[in-house]
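Secondary and tertiary structure notes
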Amino acid sequence: MRRASTIVLSHLTPYRTSSSFLHKVSIANASTAIPIKEEQHSEPFSTLTKVKPCNKTQAVLTNSREHQFQTNPSRNLDTLVDKPPPQLSSRQRQRKERAQIEEAFESAATINEILKAFEDMESVFSEKDLGLACLKVGLKLDQEGEDPHKTLEFANRALKALDVGEKLSMLVGMALQLMGSACYSLNKFNDSLGYLNRANRILGQLEEEGICSIDDIRPVLHAVQLQLANTKTAMGRREDALINLRKCLDIKELTLDKDSVELGTANRDLAEAYIAVLNFKEALPLCLKALEIHKAQLGNNSVEVAKDRRILGIIYCGIEEHEKALEQNDLSQKVLKNWGLSADLLRAEIDAANMQIALGKYEEAINTLKSVVNQTDKESENRALVFISMGKALSNQKKFADSKRCLEIACGILDKKERISQLEVSEAYIEISMQYETMNEFETAISLLKRALTMLEKQPQEQHSEGSVSARIGYILLLTGKVQEAIPYLESAAERLKECFGSKHYGVAYIYNNLGAAYMELDRPQSAAQMFAFAKDIMDVSLGPHHADTIDSCQNLSKAYGAMGNYKLAIEFQEQAIETWESHGSSAQDELKEAHRILEELKQKACKSFSNELLTETMPLPHNVTSFQASEKQPNTI
């Protein structure tokens, strides 16, 4: 990924310590006035006058032009005398030295050259005049990805020097962006957000008030939005990050040609961000736009088109249009073969096998994987992925022993990669655990999920995955009757996913539903009712009131109130569930029949409870019981 600092650095103008920086000294005309800093006197130096040749030398030069040299060399006094260099005052020598140091800093290219030139500048310039130089050094360090502590030091010095007074400045915005980027590299995400949000406000105000050129502001604003997206993603706030990524695309649409290749790539990048939050509906048009641009500009046989088709295949799988996914995968493979990109081709073939499995074409998938496994190294991650997919195909054929053998081989490879590729290995463990779960090997599934969770906890940008794995562990523990052990995992998952996706995300609703079920198992119907109510409120918004899962949450709420003895509310929610099931027509006949059975059962319990209450009220209580209840109601006077 291109660092945001690269964008900023490419638009940073050549270095000047201030708007009135010393001009270079003109030796040929030393009498010319030299502009100096505003706080110094502005009149030219009176001591600097044009140097004149001496009279004797002038006479000799005149004689030499009028006469030929004498034949006797010892008598030839008519020789030329070199013109002496102009005499410079100490102040002018200082100005010349500063100008040369500045020029050396501007011409420095590598990071070592820039740092060396900056050291020379520190010896002659004050700290307040080094703001722009510090910014340039910091941006270069950030671009190179070297020493974020040193980057932060230069960024801080730049900000202190540039952020003076109340006047808005684009340079301050650039310094704040650099501070945010450096803090991000040091995992100081909250600090990063603070600096970036301020930079965003300043640049937005500059654009709104027309103080700076739009062409100058937009590249820096793009860098700020991109860094905001990276920081929020690292904090697990992927939904919020999408807003910033969308703004990045908007800026590029304003600055690039509508058929620009770079704009096509920007559309694909945003599509991938939507895929990460499983929002395939939003990802689809973006990826199609990227494909359209790249096909028009680069042709069907380009690598960019192949990348677009691969992402498009993932999207089609996400919306369960597996035939279309397989078609895109096939077209992508042809391009990758033409370009000889064997590593990408290998992954594409594994993807194709997974698509075949999704379509129920298990034998085709196994044959595809058999041809791929021979192309992999014995201890490679790709080989592990092949065996994972092979295990999935065999499991679907009910060949569980063969499936387990494939998964064991994959785990043996991945076990050696845990320290090197934690993220990739954790994702593989999650996939393997799901297969063990389908084979009712719950202990093995939980063990693998816990290993994945340990690795994900070390990756701050993977909080959403951490939450999902915690939720899965909690669900399996609940399923196997380990209710008390399940609750902490479910509660942790709910908090993680709320931080990542917001409190109204449907994933959070499913966790609340499972928490409600856990509390019902522990005979805590009041806590259960609260969880079921949370789940229903979220699902009403995210899935709609007529979605099957929303109706189930409504029925769960009815059960909780029934367990509490509040049959009035229980019947109301059950009748609401019946009404929504009826809107599904004939496709929900079984569900509707079961809902009516539950309603009748609730009504019977309500009648029985009402009868018992009437009986209790009409029967006189023994004297001692009445005395006990009365004393129990006495206020506590202690």
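Residues numbered from 1 in each chain as written. Predicted model: local features only at pLDDT ≥ 70, side-chain atom pairs only at ≥ 80, totals over all residues. Heavy atoms only, no water.

The next thing to look at is the overall build of the protein. Helix and strand counts for the protein stand at 28 helices and zero strands. Per-residue burial for the protein yields a buried fraction of 44% across its 638 residues. A separation of at least 24 residues holds for 60% of the contacts in the protein among residues at least 6 apart in sequence. For the protein, the accessible surface area stands at approximately 34,700 Å², while carbon and sulfur atoms represent 50% of it. (Helix = DSSP H or I, 4+ residues; strand = E, 2+ residues; numbered from the N terminus. Buried < 20%, exposed > 50% of the residue type's maximum accessible area, 1.4 Å probe, protein only. Contact = heavy atoms within 4.5 Å. Areas by Shrake-Rupley, 256 points an atom, 1.4 Å probe, with all protein chains shown as cover.)

What follows is about the nonpolar core. The biggest cluster of nonpolar side chains holds 110 residues, and the ones touching the most others in it are Ile315, Leu414, Tyr429, Ile432, Ile511, Tyr512 and Leu515. Considering every element that reaches this core, the biggest residue donor is helix 22 (residues 483-501), with nine residues. Once you skip the residues sitting within four places of it in the chain, Ile315 turns out to touch Ile275, Phe280, Ala283, Leu284 and Cys287. (Core = buried A, V, L, I, M, F, W, Y, C linked by side-chain atoms within 4.5 Å.)

This part covers the confidence of the model for the protein. Averaged over every residue, the pLDDT of the protein is 83; the share at 70 or more is 82%. Under a pLDDT of 50 for its full length, residues 13-80 has, in the predicted model, 73 contacts with residues more than four places off or in other chains. (pLDDT = per-residue confidence, 0-100.)

One pass over the structure, following the stated rule, counts 31 salt bridges. A salt bridge links Arg268 to Asp308, with the nearest nitrogen and oxygen atoms 2.8 Å apart. One end of the pair, Arg268, is in helix 11 (residues 261-276); the other, Asp308, is in helix 13 (residues 303-318), and 40 residues separate them in sequence. For the pair shown, Arg268 and Asp308 are each scored as buried. Taken together, the shared-partner salt bridges in this structure form one network comprising Arg268, Glu304, Lys307 and Asp308. (Salt bridge = Lys/Arg side-chain N within 4 Å of Asp/Glu carboxyl O.)

For any two helices packed against each other, one specifies the crossing angle of their axes together with the interaxial distance. Put simply, helix 12 (residues 280-298) and helix 13 touch, their axes get as near as 9 Å, and they point 160° apart. When the axis of helix 12 is compared with that of helix 13, the two are roughly antiparallel. As helix 12 runs across helix 13, the sense of the crossing is left-handed. In this structure, helix 12 uses Phe280, Ala283, Leu284, Cys287, Leu288, Ala290, Leu291, His294, Lys295 and Leu298 to contact helix 13, whose residues at the interface are Glu304, Val305, Asp308, Arg309, Ile311, Leu312, Ile314, Ile315, Tyr316 and Gly318. Residues belonging to the contact of helix 12 with helix 13 are distributed by class as follows: 14 nonpolar, two polar and four charged. (Axes fitted to C-alpha atoms, helices over the stretch in contact; angles between N-to-C directions. Parallel < 35°, antiparallel > 145°, perpendicular 65-115°, else oblique. Left-handed = near helix turned anticlockwise from the far one by under 90°. Nonpolar A, V, L, I, M, F, W, Y, C, P; charged D, E, K, R; others polar.)

In this fold, Gly360 is placed in the loop between helix 15 (342-358) and helix 16 (362-373). For Gly360, a relative accessible area of 37% gives the class partly exposed. Sequence-wise, Gly360 and Gln397 are 37 residues apart; in three dimensions their C-alpha atoms are separated by 9.6 Å.

To continue, consider helix 21 (residues 463-479). Between its first and last C-alpha atoms helix 21 spans 24 Å; for 17 residues at 1.5 Å apiece the expected length is 24 Å, and the two agree. Among the 17 residues in helix 21, 13 count as buried, and that is most of the element. A positive phi of about 85° marks Gly481, the residue just after helix 21. (Expected span 1.5 Å × (residues − 1).)

Right, let's talk about the packing of helix 24 (residues 525-542) against helix 25 (residues 548-563) for a bit. Two numbers describe how helix 24 lies on helix 25: the axes approach to 9 Å, and their chain directions differ by 160°. Classified by the interaxial angle, the pair formed by helix 24 and helix 25 is roughly antiparallel. Considering the relative orientation of helix 24 and helix 25, their crossing is left-handed. Here helix 24 contributes Pro525, Ala528, Ala529, Phe532, Ala533, Lys536, Met539 and Asp540 to the contact with helix 25, which in turn contributes Asp549, Thr550, Ser553, Cys554, Asn556, Leu557, Ala560, Tyr561 and Ala563.

Turning to the packing of aromatic side chains, a few remarks are in order. Applying the stated criterion across every chain, the model contains five aromatic pairs. Pairing Phe118 with Phe154 gives two aromatic rings, centres 5.2 Å apart and planes at 75°, and the pair type is edge-to-face. Of the two residues, Phe118 sits in helix 4 (residues 111-122) while Phe154 sits in helix 6 (residues 148-162), which places them 36 residues apart along the sequence. With respect to class, Phe118 is no different from Phe154; both count as buried. Ring plane angle 5° and centroid distance 5.9 Å describe the contact between Tyr561 and Phe573, whose orientation is recorded as stacked. One end of the pair, Tyr561, is in helix 25; the other, Phe573, is in helix 26 (residues 567-582), with 12 residues separating them in the sequence. For Tyr561, a relative accessible area of 18% gives the class buried. Classification of Phe573 as buried rests on a relative accessible area of 17%. (Phe/Tyr/Trp six-rings, centres within 6.5 Å; stacked < 30°, edge-to-face > 60°.)

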